[in-house]
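# What the coordinates show
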Amino acid sequence: MHNTNQEVSHEHKVQQYYDNALPCYSEILGDHWHHGDPDAITAGISRVRACEILEERIAALAGLDSTKKVLDFGSGIGGATLYMAKVTGASFIGVTNNDRLNQVAREKAKQAGLAEKVTFMTLEDTGYKSLPFPDNTFDAITFYDSVCHLPDKAKAFMEFARILKPNGRIGGHDWVQRPFGECQTESQIMQFMEPVNRLYSIPWHATVEGYKKMMEDAGLEVFIGRDLYPGVKCWAFQDEETPEWLNYEGPESDMFREGEKALIAARHAGVFSVGIWIAGKETKVKK
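Treat the numbers as computed from the prediction; the structure is a model and nothing was measured.

Judged by pairing direction, the sheet is mixed, and its 7 strands sit side by side in the order 3-2-1-4-5-7-6 without closing on themselves. Looking at which strands have only one partner, the edges of the open sheet turn out to be strand 3 (118–122) and strand 6 (221–227). Averaged over all pairs of adjacent strands, the angle between strand axes in this sheet comes to 15°, irrespective of strand direction. Here strand 1 (residues 69–73) runs beside strand 2 (residues 91–96); their pairing, made up of 5 bridges, is parallel. Note that in strand 2 the partner of Asp72 across the bridge is Gly94.

Turning next to the side chain of Arg178. As for its placement among the helices and strands, Arg178 is situated in the loop between strand 5 (164–177) and helix 7 (186–199). A distance of 2.6 Å separates the side chain of Arg178 from the side chain of Asp227, its partner in a polar contact. Aside from chain neighbours lying at most four places away, what touches Arg178 is Ile189, Asp227, Tyr229, Gly231, Val232, Lys233, Cys234, Gly270, Val271, Phe272 and Ser273.

This part is about the pairing of strand 3. Summarising the sheet, strand 2 and strand 3 pair through 5 bridges and their orientation is parallel. When the sheet's bridge partners are listed, Val95 is paired in strand 3 with Met121. Tracing the backbone out of strand 2, into helix 5 (residues 99–111) and back to the parallel element strand 3 gives a crossover that is right-handed.

Further remarks concern the packing of helix 6 (residues 153–163) against helix 8 (residues 208–217). Axis separation between helix 6 and helix 8 bottoms out at 8 Å; the angle between their running directions is 45°. One way to sum up the angle between helix 6 and helix 8 is to call them oblique. In the packing of helix 6 onto helix 8, the handedness of the crossing is right-handed. On the side of helix 6, the interface is formed by Lys153, Ala154 and Phe157, while helix 8 contributes Tyr211, Met214 and Met215. Looking at side-chain class alone, the contact of helix 6 with helix 8 contains 5 nonpolar, no polar and 1 charged residues.

Right, let's talk about the nonpolar core for a bit. Ranked by size, the top nonpolar core spans 85 residues in total, and within it Tyr25, Phe143, Phe160 and Tyr211 carry the most contacts. With 9 residues, helix 1 (residues 10–29) is the largest single contributor of residues to this core.

It is worth spelling out the confidence of the model for the chain at this point. Looking at the chain as a whole, its pLDDT mean stands at 93, while 94% of the residues score no less than 70. Across the chain, strand 1 holds the top mean pLDDT of 99, while helix 9 (residues 238–246) sits lowest at 69. Note that pLDDT drops below 50 for residues 1–5; the model gives that stretch 0 contacts with residues more than four away or on any other chain.

Attention shifts here to the environment of Glu116. Turning to its location among the elements, Glu116 is positioned in the loop between helix 5 and strand 3. Overall, the relative accessible area of 82% leaves Glu116 in the exposed class. Separated by 70 residues in sequence, Glu116 and Ser46 have C-alpha atoms that sit 30 Å apart.

Before going further, it helps to spend a moment on unusual backbone geometry. Even without being glycine, Asp145 reaches a positive phi, approximately 50°. Its place among the elements puts Asp145 in the loop between strand 4 (138–144) and helix 6. You can call Asp145 buried: its relative accessible area is 8%. Its identity as a non-glycine residue notwithstanding, Asn167 has a phi of 70°, on the positive side. Here Asn167 lies in strand 5.

Here is what the cut-offs are and how they apply
- Residues numbered from 1 in each chain as written.
- Predicted model: local features only at pLDDT ≥ 70, side-chain atom pairs only at ≥ 80, totals over all residues.
- Heavy atoms only, no water.
- Pairing = 2+ DSSP bridges.
- Helix = DSSP H or I, 4+ residues; strand = E, 2+ residues; numbered from the N terminus.
- Axes fitted to C-alpha atoms, helices over the stretch in contact; angles between N-to-C directions.
- Polar contact = N/O pair within 3.5 Å; in protein donor to acceptor, adjacent residues only side chain to side chain.
- Contact = heavy atoms within 4.5 Å.
- Right-handed = clockwise from strand over helix to strand, strands pointing away.
- Parallel < 35°, antiparallel > 145°, perpendicular 65-115°, else oblique.
- Left-handed = near helix turned anticlockwise from the far one by under 90°.
- Nonpolar A, V, L, I, M, F, W, Y, C, P; charged D, E, K, R; others polar.
- Core = buried A, V, L, I, M, F, W, Y, C linked by side-chain atoms within 4.5 Å.
- Buried < 20%, exposed > 50% of the residue type's maximum accessible area, 1.4 Å probe, protein only.
- pLDDT = per-residue confidence, 0-100.

In structure tokens:
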């Protein structure tokens, strides 16, 4: 019998969040559910193309080509996964704990003629803590705005290191928090970040350096670990999208409107930003 008093895990709350987000994100964000390349956005390029440019950058830094087998962690409806496969020729497995999203992603793979090259796997809610792959399986691992949802981020990076082949690469992009301007203490930062965490189903935000340390503690060498908006407020394309979010009328519209307001406040305070990382599983010391 189902125990109605059993506490729902945070990971399962993330699954439920994306069940609700599917119509909203699809309507407003299309297939690419992450931030775009800042330089592309500054140049006036569309949000979707800016996302593709960032995916191209990460794919190139991770050394993806037609010989590589890649895991895309938190693949959503497959937008980034399928685009990277298209432009690099690499084979991908996308993983998430939401089978509803994976069903959409699989259909998109068929429509794109990539079903033989790109597959999507549904994990158990805590499956990221013990990924169902042998050691040294993948040439590369990518992630886009997904690790932020995990309570045990450090364990995820340990698993990434385990399943990554020697000399393989990890390339990722994610939400972070940071001190900025008048907000220097944890309590000052959390005044703005707590509503973001709560409304976007994020247990806690790490910093750019926090991600770097977790990767290093997992035995990875970090080549790039930086804030994409150093010293300035992370805003990017959000200005042009804000009316769409605030006027959204689909399922759970109140939650998404409140989430947008919280994110606007955190961006304006400067405490929310986005980071990028490239790391590797090196087998020898480079001179």
